[in-house]
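Structural description and commentary
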Amino acid sequence: MEKVMSSEQQQKMHPHKFTLWVAIGSITMMFAGFTSAYIVKSNQAGWEPVQMPKIFFLSTVIILVSSATVYLAQKAMAAREMAKYRLLITITALLGLGFVATQFIGFSELWASKITFSESVAGSFFYIITGVHALHVLGGVIALVVLFLRAYNTKTKFYGSTPVETTGLYWHFVDLLWIYLFVFFMLVS
Amino acid sequence: MSNETSHGHSSTVSVPHETHHEVHHGHHHETFLTKYVFSQDHKTIAKQFLITGMFWALVGGLFSVIFRLQLGFPDAKFPWMETLLGEWAKGGQLQAEAYYALVTMHGTVLVFFVLTAGLSGTFSNFLIPLQVGARDMASPFMNMLSYWFFFVASIVMLSSLFVQTGPFSGGWTAYPPLSALGEASPGSKVGMDLWLVSMALFVVSSLLGGLNYIATILNMRTKGMSMTRLPLTIWAFFFTAVLGVLSFPVLFSGFILLIFDRHFGTSFYLSDIFINGQALPNEGGSAILYQHLFWFLGHPEVYIILLPAMGMASEILSVNSRKPIFGYMAMIGSLFAITILAFLVWAHHMFVTGLNPFLGAFFVLLTLLIAVPSAIKVFNWLTTIWRGNIRFTPAMLFALGFVSLFISGGLTGIFLGNSALDIHLHDTYFVIAHFHIVMGVASMFGMFAGIYHWYPKMYGRYLNNTLGYIHFWVTMVGAYLIFWPMHYEGLAGMPRRYYKYDIWESFKHFGELNKFISIVAIIVFLVQILFIFNFFYSIWKGRKVTTLNPWGANTLEWTTPVNPGHGNWIGEIPEVHRWAYDYGKDGHDHIAQTVPVSADESKH
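The rules behind the values
Residues numbered from 1 in each chain as written. Chains lettered and ligands numbered in written order. Predicted model: local features only at pLDDT ≥ 70, side-chain atom pairs only at ≥ 80, totals over all residues. Helix = DSSP H or I, 4+ residues; strand = E, 2+ residues; numbered from the N terminus. Contact = placed C-beta atoms within 7 Å. Rg over C-alpha atoms; globule rule 2.2 N^0.38 Å. Buried ≥ 20, exposed ≤ 12 C-beta atoms within 10 Å, placed from the backbone. Nonpolar A, V, L, I, M, F, W, Y, C, P; charged D, E, K, R; others polar. Axes fitted to C-alpha atoms, helices over the stretch in contact; angles between N-to-C directions. Parallel < 35°, antiparallel > 145°, perpendicular 65-115°, else oblique. Left-handed = near helix turned anticlockwise from the far one by under 90°. Core = buried A, V, L, I, M, F, W, Y, C linked by C-beta atoms within 7 Å. pLDDT = per-residue confidence, 0-100. Expected span 1.5 Å × (residues − 1).

Observations concerning the overall build of chain A
- Within chain A one finds six helices and zero strands.
- N-terminal to C-terminal, the α/β element order of chain A is α-α-α-α-α-α.
- Referenced to the eigenvectors of the C-alpha coordinate spread, the extents of chain A come out at roughly 60 × 35 × 25 Å.
- For chain A, contacts bridging at least 24 residues in sequence account for 83% of all contacts bridging at least 6.

Now the structure itself:
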């Protein structure tokens with residue numbers, strides 16, 4: 001199937017990237033479902049809000065920095081600076097893992113302070129919504145690991161920009177989603 | 001495009017390159033496994049969806065036959081039923097638990113596995129690349145995954161039928177607390193876990209499919225195929241995919257919360273519950289929250305089921321009336337309006353849950369607004385066939401049947417959409433009659449129409465016409481005989497989902513009517529077996545298709561070889577010069593989309 005796209009189609013957005021945009025809409029709807037459920041519940045009697053763990057501020061900084069590194073990695077790829085590109089996607093993946101780790105530490109702290117599934121409905125929501133987001137970040141880390149393995153593959157060289165672009169787009173999205181959730185929990189609580 | 005050949009002026013072009021084709025694509029080295037099992041060809045995936053969907057339709061239909069036997073003959077004993085179902089039918093009588101399990105599975109299987117995966121899975125896959133002029137989907141690999149997620153979901157759901165405590169039995173909507181508490185009923189134990197796993201896999205399958213459909217329609221159209229030259233089928237599949245992609249994730253979030261309620265001690269949906277006199281510790285949850293999340297998908301789901309049938313009916317009615325579709329842009333506009341409204345009416349399923357009546361008024365208004373685009377569509381279908389040169393092929397009959405059912409089922413929707421009337425009508429047989437006619441049977445008819453119409457493209461052979469006519473008439477008459485009487489039962493207040501009605505003084509006199517409905521249901525089920533026989537028999541023994549364009553249609557799929565290979569067109573993808581509905585124009589019977597507009601042509 002060499003000729004999947006005609007010459008006219010090549011000028012448009014790559015189908016994979018477009019598909020990702022649609023998927024982003026889909027994931028957004030899932031979190032819209034979660035957070036609107038949270039709002040509905042928070043207006044009912046007996047609701048006790050949860051204080052966000054301090055370490056989540058660190059998570060926010062980490063994911064913001066990682067968005068910058070993935071952006072720079074895209075630039076490096078475009079300029080064919082492969083050494084820099086490899087370094088930057090490695091850093092991004094590590095920052096992603098760091099984000100998940102700080103989230104996990106935050107969860108443990110909360111759990112230790114008696115905010116458990118059976119004790120707090122607000123806490124349960126908080127764990128699940130942020131937990132599902134963390135899973136999405138982990139998905140991005142997996143994509144980065146694939147890029148990483150490709151970049152270090154000495155037998156075949158990959159210079160196509162689509163995988164980096166789509167991964168970068170996804171990464172910015174989970175970053176933005178986190179900012180949304182972070183502000184959401186600050187405001188609604 | 002130097003090697004322009006003009007097909008389509010005549011419908012009897014001989015079959016070109018059939019043998020040449022094999023040589024041309026010889027380097028593919030397809031094995032049985034890559035060609036028929038793990039295929040990435042959208043046409044094969046479509047057939048996989050169709051045949052899996054047909055399997056489920058048989059299973060789901062058989063379930064309805066069994067519980068209809070209970071409803072029609074509550075005191076009779078059927079020893080064969082004990083042979084078939086064992087413990088479920090002790091002494092030849094269907095047990096109450098089994099009855100609820102069968103009703104639940106009938107709903108789940110028909111709504112999701114047959115009318116979602118089997119309908120839009122089949123025809124979106126089959127027709128989108130063929131009608132927009134693409135070699136395959138945007139991501140053939142994801143497309144293959146979509147089928148295999150559905151397949152695994154099927155296996156999990158099927159396995160839930162065989163666990164000791166039985167499949168889930170709390171209704172296809174899976175409302176908590178029945179679905180959240182294992183202690184609530186036998187079906188709520190492992191059967192419900194399997195149900196959730198299966199449905200989660202199913203959601204993944206739908207999302208993968210839907211992403212692909214949207215990306216393909218928007219990005220992979222051939223040269224000249226602007227959005228307003230697309231056949232209405234493609235527009236319908238597009239909106240269907242948009243609905244699925246935006247609503248299934250919300251259902252998924254509801255499922256995640258449900259899983260945590262079941263297994264990890266959270267209280268999203270649970271509060272103040274007693275089981276066998278024992279108070280549960282859950283505090284602060286709300287079962288209504290689940291209903292909101294569920295119906296936010298659940299209502300768009302109705303249109304996920306219905307829109308593909310609408311799209312295919314539009315195409316088939318136009319082709320077989322030899323007339324352009326009436327109001328092409330109005331058709332697109334009404335599809336769009338239905339898509340938007342689908343997201344704004346979910347609470348009409350919840351009028352009696354204690355919903356604020358003031359809020360209810362808005363949902364009544366928005367619900368009744370759906371009548372406007374629906375009426376536009378009906379009007380356009382009727383004006384399309386008006387004074388047309390109608391060919392009553394089985395596909396055309398089913399498309400006409402679809403319009404008939406859509407009208408009669410849609411009218412009762414106006415009753416149900418009123419929150420005041422709903423106080424009386426909710427949870428009665430009136431609701432059953434309404435949604436079975438307008439969503440269930442009507443979409444089934446759309447699906448049958450699609451199968452009869454595109455079967456020649458799928459298998460290079462025709463379905464048997466005589467069997468097709470028998471199939472149509474018995475199903476058509478049967479559908480009305482089954483569901484029409486249910487309106488009377490519902491108006492009299494007969495509740496749905498009950499195991500037995502003969503102990504109720506107010507519903508005793510419906511005994512004979514229930515018997516009648518059950519007998520017709522069995523006959524209609526048998527005719528569906530006839531159809532399935534026709535389907536498989538014709539794959540190998542059907543009359544061969546000898547012309548490229550047997551229906552004289554304008555769309556691109558008929559410019560491919562009779563049995564198109566992976567990639568659909570030999571040589572270049574044809575260019576499109578006009579919309580898909582130039583029938584009976586300037587003295588031509590039909591003008592295919594690939595024919596350039598000539599200078600002396602009248603405007604369309």
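Observations concerning the overall build of chain B
- Along chain B, the regular secondary structure elements total 17 helices and four strands.
- Rg of the C-alpha trace for chain B: 25 Å, near the compact-globule value of 25 Å for 604 residues, within the 12% margin.
- Overall, the C-alpha framework of chain B stretches about 80 × 50 × 45 Å when taken along its three principal axes.
- Counting every position in chain B, which comprises 604 residues, the buried fraction comes to 54%.
- Within chain B, residue pairs in contact and separated by at least 24 positions form 80% of the contacts whose partners lie at least 6 positions apart.

Structural notes on the interface of chain B and chain A
- Listed per partner, the contact involves 37 residues of chain B and 31 residues of chain A.
- Mapped by element, the contributors of at least two residues to the side of chain B that touches chain A are α7 (190–219), α8 (232–263) and α9 (287–321) of chain B.
- A total of ten residues in the side of chain B that touches chain A trace back to one element, the largest contributor, which is α8 of chain B.
- Here the side of chain B that touches chain A is composed, by residue class, of 22 nonpolar, twelve polar and three charged.

Side note on the packing of α7 of chain B against α8 of chain B
Residue and element names in this part refer to chain B.
- Across the interface, α7 lies against α8 with an axial gap of 8 Å and an inter-helix angle of 150 degrees. As far as their axial angle goes, α8 and α7 are roughly antiparallel. Crossing geometry of α7 relative to α8 is assigned as left-handed.
- Partitioned by chemical class, the residues of the contact of α7 with α8 number 21 nonpolar, three polar and no charged.

Brief notes about the nonpolar core
All names here are of chain B.
- The biggest cluster of nonpolar side chains holds 226 residues, and the ones touching the most others in it are Ile214, Ala313, Phe398, Ala399, Phe402, Ala442 and Ala449.
- When residues in this core are grouped by element, the largest group, 22 residues, is from helix α5 (residues 96–132).
- In contact with Phe398, other than residues within four places in its own chain, are Phe445, Phe448, Ala449, Tyr452 and Phe472.

Some points on the packing of α5 of chain B against α7 of chain B
Residues and elements named next belong to chain B.
- Where α5 contacts α7, the axes come no closer than 10 Å and their chain directions differ by 20 degrees. One way to sum up the angle between α5 and α7 is to call them roughly parallel. Of the two possible hands of crossing, α5 and α7 adopt the one that is left-handed. Only Phe202, Ser205, Ser206, Gly209, Tyr213, Thr216 and Ile217 of α7 make contact with α5, whose side of the interface consists of Phe112, Thr116, Ala117, Gly121, Ser124, Ile128, Pro129 and Val132.

Describing the confidence of the model for chain B
Residues and elements named next belong to chain B.
- With 95% of its residues at a pLDDT of 70 or more, chain B has an overall mean of 91.
- Confidence drops under pLDDT 50 across residues 1–27; counting only partners more than four residues distant or on other chains, this segment forms 34 contacts.
- Two summary scores accompany this predicted model of the complex, namely pTM at 0.91 and ipTM at 0.87.

Some details on helix α13 (residues 394–416) of chain B
- Taking 1.5 Å as the rise per residue, α13 of chain B with 23 residues should run 33 Å; its terminal C-alpha atoms sit 33 Å apart, in good agreement.
- Of all 23 residues that make up α13 of chain B, 17 are buried, and the element is covered over most of its length.

Some details on unusual backbone geometry
All names here are of chain B.
- For the bond running from Pro176 to Pro177, omega is 5 degrees, close enough to zero to count as cis.
- A positive phi is found at Arg497, a non-glycine position, where the angle reads about 70 degrees.
- Relative to the helices and strands, Arg497 resides in the loop between α16 (465–491) and α17 (511–541).

Some points on α7 of chain B
- Taking 1.5 Å per residue, 30 residues should reach 44 Å; α7 of chain B reaches 43 Å between its end C-alpha atoms and fits that length.
- Of all 30 residues that make up α7 of chain B, 24 are buried, and the element is covered over most of its length.

What to know about the environment of Ser64 of chain B
Residues and elements named next belong to chain B.
- Looking at where Ser64 falls in the secondary structure, it is placed in helix α3 (residues 42–72).
- Sequence-wise, Ser64 and Ser518 are 454 residues apart; in three dimensions their C-alpha atoms are separated by 9.3 Å.
- Sequence-distant contacts of Ser64, that is, excluding residues within four places in its chain, are made with His106 and Ala521.

Points about the environment of His424 of chain B
- Mapped onto the elements of the fold, His424 of chain B is located in helix α14 (residues 419–425).
- Along the sequence, His424 of chain B and Phe149 of chain B sit 275 residues apart, while their C-alpha atoms lie 41 Å from each other.

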